[in-house]
Protein chains: 2
Amino acid sequence: MISYRNLRVAILGAGSVGSQVADQILRHGDELSSRIGAGLDLVGVAVRDIDAPRDTEIPRELLTTDAESLVRGADVVIELMGGLEPARTLVLSALNSGADVITANKAMLATHGPELFDAAAQVGAQLYYEAAVAGAIPIIRPLRDSLAGDRVTRILGIVNGTTNFILDRMDTVGESLEEALATATALGYAEADPTADIEGYDAAQKAAILASLAFHTRVPLDAVHREGITSVSRDQVVAARKAGYVVKLLAICDRIEGENGGVSARVHPALVPLEHPLAAVHGANNAVFVEAEAAGPLMFYGAGAGGIQTASAVLGDVVSAARRHVVGGPGVAESQHANLPVLPISAVTTRYQITLEVADRAGVLAAIAGVFQDHGVSVETLAQTVIPAGEGHAGDQPAATLVIGTHEASEADLAATVTSLTGNAVVHSVTSVLRVEGL
Amino acid sequence: MISYRNLRVAILGAGSVGSQVADQILRHGDELSSRIGAGLDLVGVAVRDIDAPRDTEIPRELLTTDAESLVRGADVVIELMGGLEPARTLVLSALNSGADVITANKAMLATHGPELFDAAAQVGAQLYYEAAVAGAIPIIRPLRDSLAGDRVTRILGIVNGTTNFILDRMDTVGESLEEALATATALGYAEADPTADIEGYDAAQKAAILASLAFHTRVPLDAVHREGITSVSRDQVVAARKAGYVVKLLAICDRIEGENGGVSARVHPALVPLEHPLAAVHGANNAVFVEAEAAGPLMFYGAGAGGIQTASAVLGDVVSAARRHVVGGPGVAESQHANLPVLPISAVTTRYQITLEVADRAGVLAAIAGVFQDHGVSVETLAQTVIPAGEGHAGDQPAATLVIGTHEASEADLAATVTSLTGNAVVHSVTSVLRVEGL
């Protein structure tokens with residue numbers, strides 16, 4: 001029944017994902033072969049150190065430190081080493097030799113995506129990357145294929161498990177950011193250097209990948225506005241819940257209509273209404289909420305990371321790539337036909353919640369309202385709480401906390417409003433400025 | 001840039017989905033063409049009555065009552081008429097002529113799937129059906145492609161919007177089944193004859209499709225155990241919530257391991273723990289919860305029905321099919337290589353919650369416990385509430401309500417237990433027997 005020659009598969013990297021992928025191919029090769037219509041030969045696994053400990057047992061004769069030689073002659077190359085180099089050079093070398101490449105490397109895709117897609121297109125090779133965003137959750141294929149006949153208007157994604165775990169601990173256990181980060185590190189959810197996660201770099205890479213795919217437009221990484229979670233305080237999280245929100249780090253991709261329209265991608269902490277499906281995404285889980293013109297709202301939920309989970313996404317791509325070798329055909333191609341303008345965050349409009357400490361005396365509310373009005377920002381809700389004497393920032397003067405919810409406003413107008421508020425005599429401090437998403 | 005000849009597309013049926021698909025092709029043809037690499041010519045829409053009112057405007061010259069002629073000469077045939085005949089004959093005719101077919105017809109797939117897939121395989125044509133299950137939610141493609149390198153062990157699906165709407169009303173508004181059905185009918189969520197929905201026929205068709213796909217095994221419709229929601233009472237829903245559950249009509253596909261293993265598909269109302277993601281699926285929405293060996297739990301959520309939503313899924317398939325015409329290639333094929341035994345519901349094990357009205361006197365608990373023990377069903381929880389005098393079934397005799405939660409037990413053992421309980425002198429009545437899923 002199987003008439004096609006066996007396919008030669010090479011794996012680059014044997015970390016938590018690579019070792020699981022090797023293990024699955026070695027153990028479930030027969031099952032994979034019957035889905036493909038050809039056998040899979042794992043011809044080698046490139047590693048830096050042959051003797052390093054691994055999560056699964058890989059026969060010693062498959063291990064090699066010579067990645068460049070391994071890549072030559074493979075039909076399918078699975079790049080799981082991460083980082084920009086030598087990953088980029090090896091992937092280019094594989095594509096140029098006509099091999100299909102499967103990668104989970106979001107940094108490489110977000111940084112060198114266009115170069116890699118161009119190289120693939122030139123020789124008719126394919127670049128698959130389901131595992132690069134949201135681990136095991138199928139999101140690349142649904143965006144690329146299932147929604148190919150629809151128009152995606154918006155993506156709200158919880159795409160970084162570490163930060164979701166930390167924010168969830170702050171919300172549900174009441175830990176501070178530092179405590180929650182320590183817990184995440186102790187449980188293995190955060191790396192020794194957590195910068196890429198908590199500063200939003202990881203999420204920004206995924207936002208660039210998702211926006212490029214969903215909007216058929218190349219969205220470069222440096223066009224993604226990025227704010228991490230380091231400024232999020234326990235007070236903000238507690239106040240958010242009281243007001244019916246939860247704080248999430250979101251990757252947001254927007255299609256902005258109109259004359260100066262285009263697309264925008266950004267990453268920042270945001271208030272999400274408790275009744276929104278994303279609010280129920282706990283722990284280190286990921287979820288991607290997609291709005292499309294015809295399909296309406298969709299959500300894809302699951303484990304965002306983990307070696308074996310990510311291996312599932314990689315192996316799905318292996319089967320797709322291998323089937324294409326056997327039966328021939330279109331495979332996947334980058335879609336950039338829309339080529340829309342990529343807009344800066346100043347072009348984005350959203351709602352805001354601003355918390356101020358103000359002097360508690362006559363005329364203050366009117367003065368504050370005037371500041372918003374001057375900048376064209378429309379106030380939707382306003383709640384004032386008197387601060388007990390002596391507890392305010394300005395010592396013994398009567399003070400109050402003001403929580404203001406705005407209608408949709410532009411980032412530019414909001415920023416100008418906050419600057420004015422900061423300089424205003426009746427404002428003791430601007431305690432918190434958070435965007436509200438998902439309303 | 002577009003060098004391929006235009007593709008000829010025929011639509012069969014112009015109901016709520018068909019008219020939206022026609023509208024999208026007519027209005028967004030350019031955008032679709034640039035994703036495909038070739039133009040799409042809508043060559044005709046087959047209808048029963050040219051003059052019937054439609055949701056969208058279709059140029060009169062495209063309408064025809066001669067479906068058989070329309071199918072001949074089309075590259076892509078979109079079957080949206082529903083029902084078994086003439087849909088089956090027309091689809092066979094299209095496939096045999098080499099056209100790719102896209103269908104949302106779950107009844108036809110669940111009943112005639114093997115015949116249609118065989119016909120497609122014979123001529124190398126493709127049969128796409130993303131829209132047949134869970135409307136706009138991408139579920140077919142993720143199961144077929146994204147999880148192709150994984151092993152699906154279980155699917156729990158809310159795949160019928162009408163029954164989810166009714167059960168949700170009973171839970172959140174406190175309506176009776178009859179009242180909730182009337183509300184669903186008034187709001188257009190239920191058809192004039194709601195039998196297919198409330199008796200679980202629609203969900204059973206989808207269960208057969210999902211199980212066949214996920215387990216690479218043909219699961220015939222008549223192997224799907226089916227119970228609808230007509231026996232679900234408001235009392236059961238109220239008691240469920242008190243106990244931390246919500247009642248959902250689930251389509252459940254199980255891979256059962258072991259010597260007598262195989263696969264099983266069933267549809268019945270079930271208690272779902274409130275903390276399970278499926279418990280938060282409200283209104284007429286759909287969600288499919290998938291467990292895979294490597295990926296772990298995944299959930300796909302969105303609108304399950306609606307003309308324009310379903311049209312999104314159809315158009316995703318149109319783009320896939322059309323791209324295959326342009327670039328050639330593997331497309332999709334039925335996967336039935338696993339060919340596992342399809343097991344009856346008696347082979348399934350799950351947990352149960354049984355509510356009894358019993359005599360309230362010494363020795364009753366021991367007698368009941370003995371019945372469970374005799375049939376090898378292990379009791380996990382037991383809660384007894386005394387029924388006020390005169391309110392029980394047996395008149396003035398002291399009576400109590402007993403709610404028993406079991407450990408995993410087989411359907412066969414549970415059925416025998418219930419029969420014994422019914423015949424037992426201390427049992428006034430078996431008030432409720434519900435399976436518990438998602439624990």
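Residues numbered from 1 in each chain as written. Chains lettered and ligands numbered in written order. Predicted model: local features only at pLDDT ≥ 70, side-chain atom pairs only at ≥ 80, totals over all residues. Heavy atoms only, no water.

Glancing now at the overall build of chain A. Of the regular secondary structure elements, chain A holds 14 helices and 17 strands. What you see for chain A is a C-alpha radius of gyration of 25 Å, in line with the 22 Å of a compact globule of 439 residues. For the C-alpha atoms alone, the extent of chain A along its principal axes is close to 85 × 50 × 35 Å. Taking all 439 residues of chain A together, 57% fall into the buried category. Sequence-distant contacts in chain A: of pairs separated by 6 or more residues, those separated by 24 or more amount to 74%. Put simply, chain A shows about 16800 Å² of open surface, and 50% of that area lies on carbon and sulfur atoms. (Helix = DSSP H or I, 4+ residues; strand = E, 2+ residues; numbered from the N terminus. Rg over C-alpha atoms; globule rule 2.2 N^0.38 Å. Buried < 20%, exposed > 50% of the residue type's maximum accessible area, 1.4 Å probe, protein only. Contact = heavy atoms within 4.5 Å. Areas by Shrake-Rupley, 256 points an atom, 1.4 Å probe, with all protein chains shown as cover.)

Bringing the pattern of salt bridges into the picture now. One side chain can pair with another of opposite charge once the charged atoms of both are near each other. Tallying each qualifying case throughout the model produces 54 salt bridges over all chains. Taking the shortest distance from any N to any O, the salt bridge between Asp51 of chain A and Arg60 of chain A comes out at 2.9 Å. A relative accessible area of 53% places Arg60 of chain A in the exposed class. A salt bridge links Glu437 of chain A to Arg154 of chain A; the shortest N-O distance between them is 2.8 Å. One end of the pair, Glu437 of chain A, is in the segment after strand E17 (427-436); the other, Arg154 of chain A, is in strand E7 (residues 152-158), and 283 residues separate them in sequence. Both residues of the pair, Glu437 of chain A and Arg154 of chain A, count as buried. Taken together, the salt bridges that share partners define one network made up of Glu31 and Arg35 of chain A together with Arg151, Glu257 and Glu293 of chain B. (Salt bridge = Lys/Arg side-chain N within 4 Å of Asp/Glu carboxyl O.)

This part takes up the sheet that holds strand E1 (residues 7-12) of chain A. What links the strands of a sheet is backbone hydrogen bonding, and the strands pair in either a parallel or an antiparallel sense. All names here are of chain A. Spatial ordering of the open sheet is given by E3-E2-E1-E4-E5-E6, a layout of 6 strands whose pairing is parallel. Taken across any chain shown, the strands that pair with only one partner, and hence form the sheet edges, are strand E3 (63-64) and strand E6 (127-128). Direction of pairing for E1 relative to strand E4 (residues 76-79): parallel, over a ladder of 4 bridges. Directly across from Ala10, in E4, lies its bridge partner Val77. (Pairing = 2+ DSSP bridges.)

In this section: the packing of aromatic side chains. In total, this model carries 5 aromatic pairs over all chains according to the counting rule given. Geometrically, the ring pair formed by Phe117 of chain A and Tyr129 of chain A is edge-to-face, given 5.8 Å between the ring centres and 65 degrees between the ring planes. One end of the pair, Phe117 of chain A, is in helix H5 (residues 106-123); the other, Tyr129 of chain A, is in the loop between E6 and helix H6 (140-146), with 12 residues separating them in the sequence. Note on Phe117 of chain A: relative accessible area 14%, which makes it buried. Aromatic side chains Phe165 of chain B and Tyr189 of chain B sit 4.6 Å apart centroid to centroid with 40 degrees between the ring planes, which places their arrangement in the tilted category. Here Phe165 of chain B is found in helix H7 (residues 161-172), whereas its partner Tyr189 of chain B is found in the loop between helix H8 (177-186) and helix H9 (195-198), with 24 residues between them in sequence. Phe165 of chain B gets classed as buried once you look at its relative accessible area, which sits at 8%. In this structure, Arg226 of chain A packs its charged tip against the face of Tyr201 of chain A, placed 3.9 Å from the ring centre. (Phe/Tyr/Trp six-rings, centres within 6.5 Å; stacked < 30°, edge-to-face > 60°. Lys NZ or Arg CZ within 6 Å of the ring centre and 35° of its normal.)

Below, the discussion takes up the UniProt feature "binding site: NADPH" (unreviewed entry) in chain A. All names here are of chain A. UniProt marks Lys106 with the feature "binding site: NADPH" (unreviewed entry), using the numbering shown here. Along the polypeptide, Lys106 turns up in helix H5. We classify Lys106 as partly exposed; its relative accessible area is 24%. Residues within four places of Lys106 in sequence aside, it is in contact with Ala132, Asp202, Gln205, Lys206 and Ile209. (UniProt positions renumbered as here; feature names shortened; annotations may be inferred.)

In this section: the nonpolar core. In this structure, Ile139 and Leu143 of chain A together with Ile139 and Leu143 of chain B are the most contacted members of the largest nonpolar core, which totals 160 residues. When residues no more than four places from it in sequence are discounted, the contact partners of Leu143 of chain A are Ala148, Val152, Ile155, Leu210, Leu213, Ala214 and Val290 of chain A. (Core = buried A, V, L, I, M, F, W, Y, C linked by side-chain atoms within 4.5 Å.)

A word on a nonpolar patch on the surface. Residue and element names in this part refer to chain A. Among the surface-exposed residues, Leu365, Val379 and Leu382 lie close enough to one another that they form a single nonpolar patch of about 220 Å² accessible area. One can find Leu365 in helix H13 (residues 364-374). Of the residues examined, Leu365 reaches a relative accessible area of 40% and is grouped as partly exposed. (Patch = residues over 30% accessible without salt bridge, like charges linked within 9 Å, V, L, I, M, F, W, Y side chains within 5 Å.)

Another aspect to go through is the interface of chain A and chain B. Opposite the 47 residues of chain A that make contact, chain B presents 47 residues. On the surface where chain A and chain B come into contact, there are 2 salt bridges. Note that Glu31 of chain A and Arg151 of chain B form a salt bridge whose closest N and O atoms lie 3.3 Å from each other. On the surface where chain A and chain B come into contact, there are 14 residue pairs in polar contact (both at pLDDT 80 or more). Elements supplying a minimum of two residues to the side of chain A that touches chain B: helix H2 (29-36), H6, strand E12 (296-303) and helix H12 (307-327) of chain A. Looking at the side of chain A that touches chain B, the element that brings in the most residues is H12 of chain A, giving 10 residues. A breakdown of the residues in the side of chain A that touches chain B according to their chemical character gives 22 nonpolar, 15 polar and 10 charged. (Polar contact = N/O pair within 3.5 Å; in protein donor to acceptor, adjacent residues only side chain to side chain. Nonpolar A, V, L, I, M, F, W, Y, C, P; charged D, E, K, R; others polar.)

Moving on, we get to the side chain of Asp75 of chain B. Inspection of the secondary structure puts Asp75 of chain B in the loop between helix H3 (67-71) and strand E4 (76-79). Apart from residues lying up to four places away in sequence, Asp75 of chain B is in contact with Arg5, Asn6, Leu7, Arg8, Ala99, Asp100 and His325 of chain B.

Residues and elements named next belong to chain A. Among the secondary structure elements, Arg435 is positioned in strand E17. Using a relative accessible area of 9% as the deciding quantity, one classes Arg435 as buried. A polar contact is formed between the side chain of Arg435 and the side chain of Glu411, at a distance of 2.4 Å. Those residues within four positions of Arg435 in sequence are excluded, and the remaining contacts are His225, Glu227, His268, Ala270, Leu271, Ile345, Thr350, Arg351, Tyr352 and Glu411.

Residue and element names in this part refer to chain B. The strand order E3-E2-E1-E4-E5-E6 describes an open sheet built from 6 strands, whose pairing is parallel. Two strands in the sheet have a free side with no partner beyond their single neighbour: strand E3 (63-64) and strand E6 (127-128). Bridge count for E4 against strand E5 (residues 100-103) is 4 bridges, and the pairing is parallel. Across the sheet, the residue bridging to Val76 is Asp100, located in E5.

Attention now moves to helix H1 (residues 16-27) of chain A. All names here are of chain A. Taking 1.5 Å of rise per residue, the 12 residues of H1 would be expected to cover 16 Å, and the 17 Å separating its terminal C-alpha atoms lies within 8% of that figure. Those residues of H1 that sit buried are Val17, Gly18, Ser19, Gln20, Val21, Ala22, Asp23, Gln24 and Ile25. Where H1 is buried, its residues contact E1, H2, strand E2 (40-46), E4 and H12. (Expected span 1.5 Å × (residues − 1).)

A few words now on helix H11 (residues 234-242) of chain B. All names here are of chain B. When H11 is considered as a whole, its buried residues turn out to be Gln236, Val237 and Ala240. Buried residues of H11, viewed axially, fall in a sector of 100 degrees; they line one side. The exposed residues of H11 that point more than 90 degrees off its buried face are Asp235 and Lys242. (Arc of directions from axis to C-beta.)

Turning next to the relation of the copies chain A and chain B. Superposition record for chain A on chain B: RMSD 0.1 Å, screw rotation 180 degrees, translation along axis 0.0 Å. Taken together, the rotation and translation relating the two chain copies correspond to the operation of a two-fold axis. Comparing contact sets, 100% of the residues at the interface of chain A also lie at the interface in chain B, consistent with an isologous, same-surface contact. (Least-squares fit on C-alpha atoms with pLDDT ≥ 70 in both.)

Residues and elements named next belong to chain B. By the element assignment, Val314 lies in helix H12 (residues 307-327). With a relative accessible area of 0%, Val314 lands in the buried category. Here the alpha-carbon distance between Val314 and Ala104, two residues 210 residues apart in the chain, equals 7.4 Å. Sequence-distant contacts of Val314, that is, excluding residues within four places in its chain, are made with Val17, Val21, Ile78, Leu80, Ile102 and Ala131.

All right, on to the packing of H13 of chain A against helix H14 (residues 411-423) of chain A then. All names here are of chain A. As a packed pair, H13 and H14 sit with axes 9 Å apart at the nearest point and diverge in direction by 150 degrees. Accordingly, the angle class assigned to the pair H13 and H14 is roughly antiparallel. With respect to the hand of their crossing, H13 and H14 are arranged in right-handed fashion. Mapping the contact onto sequence places Ile368, Val371 and Phe372 in H13 and Thr417, Ser420 and Leu421 in H14. Class assignment for the residues of the contact of H13 with H14 results in 4 nonpolar, 2 polar and no charged. (Axes fitted to C-alpha atoms, helices over the stretch in contact; angles between N-to-C directions. Parallel < 35°, antiparallel > 145°, perpendicular 65-115°, else oblique. Left-handed = near helix turned anticlockwise from the far one by under 90°.)

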